[in-house]
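Chains, contacts and geometry: an overview
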Amino acid sequence: MNQDEISERGLVLLGCGKMGGAMLKGWLAGGLPAASVWVIDPAPAPWLTEAGVRVNEELPEAPAMTILAVKPQMMGDALPQVAALSGRTVFLSIAAGTTIATLEAELGGEAAVIRAMPNTPAAVGRGITAIIGNQAVDEGALSLAEDLLGAVGQTVRLDDEAQMDAVTAVSGSGPAYVFHLIEVLAAAGEAEGLTPELAMALARATVGGAGVLAEEADETPSELRVNVTSPGGTTQAALEVLMDAETGFPPLLKRAVAAAARRSRELGQ
Ligand SMILES: NC(=O)c1ccc[n+]([C@@H]2O[C@H](COP(=O)([O-])OP(=O)(O)OC[C@H]3O[C@@H](n4cnc5c(N)ncnc54)[C@H](O)[C@@H]3O)[C@@H](O)[C@H]2O)c1
């Protein structure tokens, strides 16, 4: 991370709940000085004060980055608290649905605005964040955002803001789908006679381990799946259920992701 600029000029977090908090935990763990962080939140979590960040204090003159991490529905009420920084900071919004045009309308057309979609594995440095900036965002600001977000996982640049709804549906909301997979895999193990504790331990380690393998192995996810699947064996029996074109994962996840993308578009109206 370009820690010098953030340390010198400061980082503001407007809203620090589950997602803002996940990123902040990652940044602090990565060495960002707590004294360089200003949080504005009417209901700050107790760990923030314990961590040494400045909570609801007067803001710095020109913070390097101002993260907008309130719910989309709260954005209109919350923005006036930071709007005066316009022209002296780069705003980075993580709000689902909220468009750059909506933010520009509140912050002024000259405001440098980056729209981003992170995800909660940022808390353990394994997030992925997609970003796109408005006309006022120069390469230096985008690089700074990448440095900051890169400290809590991977970053990707989008070339069209319209991609953000699908990104939100895949990687922003995606961790919830995977956590639910763990829940239902454990429940299915219980149905086959395992204790709840054993079933959950197996499901959690299996999904976690498969995730790391999928990221780190040279093989594609499809090849890794084939590696598990002995012809005529147990995995094949399960995959015939899960890969069914009518009732399996393909149509189910397609519907789920489409519903999330649709909701993202609705939130932007
Ligand atoms: N949770 C996720 O996995 C996730 C992932 C990507 C993006 N997001 C986006 O991040 C944003 C925050 O989501 P979250 O899940 O962290 O929600 P959250 O409710 O956990 O956090 C929102 C925080 O904003 C604070 N807040 C409310 N009104 C405020 C105001 N007027 N001024 C300042 N702070 C105020 C709340 O006290 C709370 O701490 C949303 O826009 C969401 O779309 C969330």
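Residues numbered from 1 in each chain as written. Predicted model: local features only at pLDDT ≥ 70, side-chain atom pairs only at ≥ 80, totals over all residues. Heavy atoms only, no water.

Next up on the list: the overall build of the protein chain. Helix and strand content of the protein chain: 12 helices and eight strands. Over its C-alpha atoms, taken along the principal directions, the protein chain stretches across nearly 65 × 40 × 35 Å. Relative to its full complement of 269 residues, the protein chain shows a buried share of 37%. For the protein chain, restricting intrachain contacts to residue pairs at least 6 apart in sequence, the fraction spanning at least 24 positions comes to 60%. In the structure as shown, the protein chain presents an accessible area of about 14,200 Å², 57% of it carried by carbon and sulfur atoms. Each charge sign in the protein chain was given a centre, from 16 positive and 33 negative side chains, and these centres are 5 Å apart. (Helix = DSSP H or I, 4+ residues; strand = E, 2+ residues; numbered from the N terminus. Buried < 20%, exposed > 50% of the residue type's maximum accessible area, 1.4 Å probe, protein only. Contact = heavy atoms within 4.5 Å. Areas by Shrake-Rupley, 256 points an atom, 1.4 Å probe, with all protein chains shown as cover. Lys, Arg positive; Asp, Glu negative; His and termini not counted. Charge placed at Lys NZ, Arg CZ, Asp CG, Glu CD.)

Here we come to the site of the ligand. The immediate surroundings of the ligand are formed by 23 residues, with K18, M19, D41, V70 and A96 found nearest. In the environment of the ligand, an oxygen atom lies 2.8 Å from a nitrogen or oxygen atom belonging to the backbone of K18. The contact in question runs from an oxygen atom of the ligand to an N or O atom on the backbone of V70, over 2.6 Å. Protein chains shield 82% of the accessible area of the ligand, which is 820 Å² for the free molecule. (Near = heavy atom within 4 Å. Polar contact = N/O pair within 3.5 Å; in protein donor to acceptor, adjacent residues only side chain to side chain.)

This part covers the sheet that holds strand β6 (residues 112-117). One open sheet accounts for eight strands, arranged β3-β2-β1-β4-β5-β6-β7-β8; its pairing is mixed. With partners counted over all chains shown, the strands left at the sheet margins are β3 (54-55) and β8 (153-157), one partner each. Inspection of the sheet shows strand β5 (residues 90-93) paired to β6 by four bridges, in the parallel sense. Across the sheet, F91 pairs through a bridge with V113, a residue of β6. Of the strands in this sheet, β4 (65-68), β5, β6 and β7 (127-133) are in contact with helix α5 (residues 100-107), which crosses β6 at around 145 degrees. The sheet contacts of helix α7 (residues 164-172) involve β6 and β7, and relative to β6 the element is tilted by about 40 degrees. (Pairing = 2+ DSSP bridges. Axes fitted to C-alpha atoms, helices over the stretch in contact; angles between N-to-C directions.)

Between two packed helices, the angle of one axis relative to the other and the distance separating the axes together describe the packing. Packing of helix α8 (residues 174-191) against helix α9 (residues 196-216) leaves a shortest axis separation of 8 Å and a crossing angle of 140 degrees. When the interaxial angle is binned, α8 and α9 end up oblique. In this structure, α8 meets α9 at a crossing whose hand is right-handed. Packed against α8, whose contacting residues are V178, L181, I182, L185, A186, G189 and E190, the element α9 presents P196, A199, M200, A203, R204 and V207 at the interface. Looking at the contact of α8 with α9 residue by residue, the classes come out as 10 nonpolar, one polar and two charged. (Parallel < 35°, antiparallel > 145°, perpendicular 65-115°, else oblique. Left-handed = near helix turned anticlockwise from the far one by under 90°. Nonpolar A, V, L, I, M, F, W, Y, C, P; charged D, E, K, R; others polar.)

Moving on, we get to helix α2 (residues 18-29). Relative to the 16 Å expected for 12 residues at 1.5 Å per residue, α2 spans 16 Å between its end C-alpha atoms, a close match to the ideal helical length. By the burial criterion, the buried members of α2 are M19, G20, G21, A22, M23, L24, G26 and W27. The elements touched by buried residues of α2 are β1 (11-14), β2 (37-40), α3 (46-51), β4 and α6 (139-150). Immediately downstream of α2, the backbone of G31 shows phi near 110 degrees, a positive value. (Expected span 1.5 Å × (residues − 1).)

Non-glycine residue N56 carries a positive phi angle of around 55 degrees. Relative to the assigned elements, N56 resides in the loop between β3 and β4.

In this structure's numbering, the residues bearing the UniProt feature "domain: Pyrroline-5-carboxylate reductase catalytic N-terminal" (unreviewed entry) are residues 12-97. Secondary structure content for residues 12-97 is 26% helix and 20% strand, while the C-alpha to C-alpha distance between its ends is 21 Å. (UniProt positions renumbered as here; feature names shortened; annotations may be inferred.)

It is worth spelling out the pattern of salt bridges at this point. According to the stated counting rule, one finds eight salt bridges in the structure shown. One salt bridge connects R157 with E139, and the closest N-O pair in it is separated by 2.8 Å. Of this pair, R157 sits in strand β8 while E139 sits in helix α6, placing them 18 residues apart in sequence. The partly exposed category is assigned to R157, whose relative accessible area is 37%. Take E139: its relative accessible area is 47%, and that puts it in the partly exposed class. (Salt bridge = Lys/Arg side-chain N within 4 Å of Asp/Glu carboxyl O.)

The biggest cluster of nonpolar side chains holds 36 residues, and the ones touching the most others in it are L11, L24, W27, M65, I67 and L92. Counting only elements with at least two residues in this core, the list comes to β1, α2, β2, β4, β5, β6 and α6. Other than its neighbours up to four places away in sequence, I67 contacts L11, V12, L13, L14, M23, W27, L92, I94 and L148. One finds L68, V70, A78 and L79 within the second-largest nonpolar core, a separate group that totals 17 residues. (Core = buried A, V, L, I, M, F, W, Y, C linked by side-chain atoms within 4.5 Å.)

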